[in-house]
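Coordinates in review
Below, each chain spelled out in residue letters.
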Amino acid sequence: MSTTDHPAKPDHELFTLKVRSTSRALGSQAKLAAWAGVSRSQTTRWVDGETQPSPDAARAVTDLEFIVSRARMVWDDAVIPDWLSGHNAFLDGATPLEMVRQGRTSEVLDAITGDETGVYA
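So, how was this worked out
Residues numbered from 1 in each chain as written. Predicted model: local features only at pLDDT ≥ 70, side-chain atom pairs only at ≥ 80, totals over all residues. Heavy atoms only, no water. Phe/Tyr/Trp six-rings, centres within 6.5 Å; stacked < 30°, edge-to-face > 60°. Helix = DSSP H or I, 4+ residues; strand = E, 2+ residues; numbered from the N terminus. Buried < 20%, exposed > 50% of the residue type's maximum accessible area, 1.4 Å probe, protein only. Lys, Arg positive; Asp, Glu negative; His and termini not counted. Salt bridge = Lys/Arg side-chain N within 4 Å of Asp/Glu carboxyl O. Contact = heavy atoms within 4.5 Å. Expected span 1.5 Å × (residues − 1). Polar contact = N/O pair within 3.5 Å; in protein donor to acceptor, adjacent residues only side chain to side chain. Core = buried A, V, L, I, M, F, W, Y, C linked by side-chain atoms within 4.5 Å. Axes fitted to C-alpha atoms, helices over the stretch in contact; angles between N-to-C directions. Parallel < 35°, antiparallel > 145°, perpendicular 65-115°, else oblique. Nonpolar A, V, L, I, M, F, W, Y, C, P; charged D, E, K, R; others polar.

Our next topic: the packing of aromatic side chains. The tally for this structure, following the rule as stated, stands at two aromatic pairs. With 5.6 Å between their ring centres and 70° between their planes, Phe15 and Trp46 make a pair best called edge-to-face. Note that Phe15 is positioned in helix H1 (residues 12–26) and Trp46 in helix H3 (residues 40–48), a separation of 31 residues in sequence. Note on Phe15: relative accessible area 4%, which makes it buried. Consider the rings of Trp75 and Trp83, whose centres lie 4.9 Å apart with planes at 35°: the pair is tilted. A single burial state applies to Trp75 and to Trp83, both of which are buried.

As structure tokens, then:
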């Protein structure tokens, strides 16, 4: 039986930290909810432990939190929201948020590394 048949439930405390981190990077839990394609109250229910995110939502939030954490190693927190929503030459004009939502996190990591090392697309 594979893990896709029975995906693991995210650890509540860890997932709460991820929701808070990504919400802070995007500006609010409402913005995170819009990005994740869930209702505004859903992120609050996740944080409060009232509901579990779907496997797709959990994966998206986890990937975004990873990108945000990596971006914080390169830029100040004030820069990250604009970088996430800005069109990026390393991503052929797509935004990092679009790419993460499509599951293309590795390409976003490459874009961070490219910016960090001064390689231009």
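The next thing to look at is the side chain of Lys18. The residue Lys18 is located in helix H1 in this model. We note that Lys18 is buried and unpaired, the nearest opposite charge coming from Glu65 at a distance of 5.1 Å. With near-sequence residues (within four places) excluded, Lys18 lies in contact with Val61, Thr62 and Glu65.

What follows deals with H1. Taking 1.5 Å per residue as the helical rise, H1 with its 15 residues ought to reach 21 Å, and the 21 Å between its terminal C-alpha atoms agrees with that figure. Looking at H1, one finds that the buried residues are Phe15, Thr16, Lys18, Val19, Ser21, Thr22, Ser23, Ala25 and Leu26. The elements touched by buried residues of H1 are helix H2 (29–36), H3, helix H4 (55–71), helix H5 (80–85) and helix H6 (96–101). The N-capping residue of H1, defined by a side-chain oxygen 3.4 Å from the backbone nitrogen of Glu13, is Asp11. With its phi angle positive at about 110°, Gly27 sits one or two positions after the end of H1.

Counting 29 residues, the largest nonpolar core has Trp35, Leu64, Trp83 and Leu84 as its most contacted members. Counting residues per element, the ones that place at least two in this core are H1, H2, H3, H4, H5, H6 and helix H7 (105–117). For this core, the element with the most residues is H4, which contributes eight residues. Dropping the residues within four chain positions of it, Trp35 is found in contact with Leu26, Ala60, Val61, Leu64, Leu97, Val100 and Arg101.

Before going further, it helps to spend a moment on the packing of H4 against H7. The packing of two helices is summarised by the inter-axis angle and the distance between the axes. As a packed pair, H4 and H7 sit with axes 10 Å apart at the nearest point and diverge in direction by 5°. The orientation of H4 relative to H7 falls into the category roughly parallel. Facing Asp63, Phe66, Ile67, Arg70 and Ala71 of H4, the residues of H7 in contact are Thr105, Val108, Leu109, Ile112, Thr113 and Glu116. Its residues placed into classes, the contact of H4 with H7 shows six nonpolar, two polar and three charged.

Along the chain, the position of Val47 falls in helix H3. Expressed as a C-alpha distance, the spacing of Val47 and Trp35, which sit twelve residues apart in the sequence, is 17 Å. Beyond its immediate sequence surroundings of up to four residues, Val47 is in contact with His12, Thr16, Val19, Arg20 and Gln29.

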